[in-house]
Amino acid sequence: MGPQVFQTRPCAKPSSEKSSSTSQRRPYTRPGPGAAAGSAAAAASRLLQAAAGAGPSAGPSSGCRSSSLLQPEPMPTRDPRGHCPARSGRPRTSPARKRPEEAGAEAAWVAFGLLAAPGAPAPCEPVPGEHVKPFTPEKAKEIIMSLEQPAVFCNMVFDWPAQHWTAEHLSEVLPGKRIRFRMGLKSTDTAPQFETACSYAEATLEEFLTWNCGQPHISGPFRDYDHSKFWAYADYKYFVNLFEDKTDIFQDVMWSDFGFPGRNGRESTLWIGSLGAHTPCHLDSYGCNLVFQVQGRKRWHLFPPEDTPFLYPTRIPYEESSVFSKVNVVNPDLKRFPQFRKARRHMVTLSPGQVLFVPRHWWHYVESIDPVTVSVNSWIELEEDHQARVEEAITRTLVCALKTAEDPHNTRAWLNPTEVEETSHEVNCRYLNGAVSAFFDHYRTSKVIEMQALRTNGEELNVHNHMEVGQTGRQNLTLETVKQEAASPFGPDLVPVIQSPEEAPSERGGIFESDGKDFVGKDGEHFGKLHNTKRQRRMSRSENAIVEQVASHGTTAPSQTLISTDDLLDCLVNPQVTRIVAQLLIQGRNL
């Protein structure tokens, strides 16, 4: 899910809600001579989890299990992956027994220089005595605003108070606070499990932890949910609502370290889930995303923006700022969605202490692979958001008008539970006008308003030129790739998320696993194909996808199924269509 602009989400907050914090920040300390050489072994160790995409360790279904090989040092009562040794009676620091194949693989990684020898600091933990961060706030922001592929920051949050925010700790900070949990089935269905198909439970974090440890015969809000069949997800919880009477806690999150002064928990959301909890595959219409993993691990499946046609985008269920995929990307129905085979999956397993950067419009499916996971994220506003608001307002107006006309009394079937605003045509028209007015207000003082208003990612509005873009893009592709790699910011503390090896869905629910072939060397050298996100390539692949879809069905009889309202909306509010309509509206108002 992504941020909403005019309502309640981070990009939507009025200026009065923006943080005006003047709290003291930790001064940045530059590493002294020889610091880089002294941390080489630790740097290699820090690469392993981000680059290899390790899967979950085996354990009882109750979620109360011992630590695994590369797990960070346990926290009090609960360790960083959400295991509960205090309740299960297991020792907290019991050594993990390595299987023969694990030991052999580890030896190979050590020999190659990608894994530190035994005794080296755990991944993303600062080397004792250094107490430095690899990037200044200015450099981190420069990377974020220019990078066009997902990447994992290491060693940037080791001094954040929020690193101790385990679910157990938060249950003590929020005693008796009832939180809405989304309850989903642990199924292997090929259809995505959208929020409209889930049930919900209001519970405290203590009740969640008790249920999650498999306590038999529990009462309360989780009594109807068998832990072996369901997962729970307290997703999308805004700090300003969750900690409304504890605003000092906002300072525990310091996005200023990434170059955004004054940005803290006030502009953040909290996510707490059990094993299997996930977010359906979608892209966020607004901004880019920074995700801080606090407890447990999450596996991210990411797809580049130019692969949008292969993800079969839809706006049903409707949620402002979220474009969903019809494909269950971990168990796809390839007969129904054959073009999905061409989608380029990028996978990473995010571990505690790491921060994932998700660029604008990258598709993502996120799943919890440990018994308890806690994440904090913040959406960073971008210049492109001003036009994106107009596009979203057009989408909202069309979806609500057609779906309400189809069935005015059953909005729950198509309106996401996160959408609580009015859906009347009058309200939505005011919303659209407000978005267009806001666009011009933003650019009113600019001398380049025509260029800014009539361009999308540097391309002037010309519907007929769209078919020519692919040809010019290929000519510049090689040169751009060389330039990008020459100025690469990647290294031990910034690990790129690389395209996963091609393989078919597995027999166990269709999960795609990385085999560790794509990784980053100890000197930051890239092994595997880096992604070069350019609009030229995006348009070329989009057009080819449409042509190939038509050609692939050219020898078969047309479908006799009636065109539904949803089918019509999939065309009318396709992201490419709303982009053109928004540009035409802006152009018309500017004449």
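These notes cover the structure that comes with them. (Residues numbered from 1 in each chain as written. Predicted model: local features only at pLDDT ≥ 70, side-chain atom pairs only at ≥ 80, totals over all residues. Heavy atoms only, no water.)

1. Quick look at the pattern of salt bridges
Applying the stated criterion across every chain, the model contains 17 salt bridges. Across the pair Lys133 and Asp257 runs a salt bridge, and its minimum N-O distance is 2.7 Å. Of the two residues, Lys133 is situated in the loop between helix H4 (100-112) and helix H5 (137-146) and Asp257 in the loop between helix H8 (239-242) and strand E5 (269-274); the sequence distance between them amounts to 124 residues. With a relative accessible area of 7%, Asp257 lands in the buried category. Where Glu306 meets Arg344, a salt bridge forms, and the shortest distance between an N and an O atom there is 3.4 Å. (Salt bridge = Lys/Arg side-chain N within 4 Å of Asp/Glu carboxyl O. Helix = DSSP H or I, 4+ residues; strand = E, 2+ residues; numbered from the N terminus. Buried < 20%, exposed > 50% of the residue type's maximum accessible area, 1.4 Å probe, protein only.)

2. Thoughts on the pairing of strand E14 (residues 372-380)
With nine of its nine residues buried, E14 lies for the most part within the structure. Residues Val372, Val374, Val376, Ser378 and Ile380 of E14 are buried on one face, and the alternating residues Thr373, Ser375, Asn377 and Trp379, pointing to the opposite face, are buried as well. Looking at chain direction, E5 and E14 are connected through six bridges and run antiparallel. Counterpart to Ser274 in the pairing with E14 is Val372. Both strand E7 (residues 288-295) and E14 contribute to a ladder of seven bridges, which runs antiparallel. Across the sheet, Leu290 pairs through a bridge with Ser378, a residue of E14. (Pairing = 2+ DSSP bridges.)

3. Remarks on the packing of aromatic side chains
Tallying each qualifying case throughout the model produces 24 aromatic pairs. Between Phe153 and Phe258 the ring centres are 5.3 Å apart and the planes differ by 85°, which places this aromatic pair in the edge-to-face class. With Phe153 in strand E1 (residues 151-153) and Phe258 in the loop between H8 and E5, this residue pair connects regions lying 105 residues apart in the sequence. Classification of Phe153 as buried rests on a relative accessible area of 1%. Assessed through its relative accessible area of 0%, Phe258 is described here as buried. Ring geometry for Trp160 and Phe292: centres 5.3 Å apart, planes at 75°, overall edge-to-face. With Trp160 in the loop between E1 and helix H6 (167-173) and Phe292 in strand E7, the pair connects residues that are 132 residues apart, well separated along the chain. Taken together, the ring pairs connect Phe135, Phe153, Trp160, Trp255, Phe258 and Phe292 into an aromatic cluster. Of note, Lys133 hangs over the ring of Phe158, and the distance from its end group to the ring centre comes to 5.5 Å. (Phe/Tyr/Trp six-rings, centres within 6.5 Å; stacked < 30°, edge-to-face > 60°. Lys NZ or Arg CZ within 6 Å of the ring centre and 35° of its normal.)

4. Looking at a nonpolar patch on the surface
On the surface, a nonpolar cluster with roughly 350 Å² of combined accessible area is contributed by Leu398, Ile563, Leu568 and Leu572. Among the secondary structure elements, Leu568 is positioned in helix H14 (residues 565-572). (Patch = residues over 30% accessible without salt bridge, like charges linked within 9 Å, V, L, I, M, F, W, Y side chains within 5 Å. Areas by Shrake-Rupley, 256 points an atom, 1.4 Å probe, with all protein chains shown as cover.)

5. Structural notes on the sheet that holds strand E13 (residues 363-368)
Strand order in this open sheet of six strands is E9-E10-E6-E13-E8-E11, and the pairing throughout is antiparallel. Edge positions in the sheet fall to strand E9 (313-319) and strand E11 (346-350), since each of these pairs with one other strand and no more. This sheet shows a mean twist of 35° between the axes of neighbouring strands, independent of strand direction. Where E9 meets strand E10 (residues 322-325), three bridges bridge the pair, whose relative direction is antiparallel. Paired with Glu319 across the two strands is Ser322, which belongs to E10. (Axes fitted to C-alpha atoms, helices over the stretch in contact; angles between N-to-C directions.)

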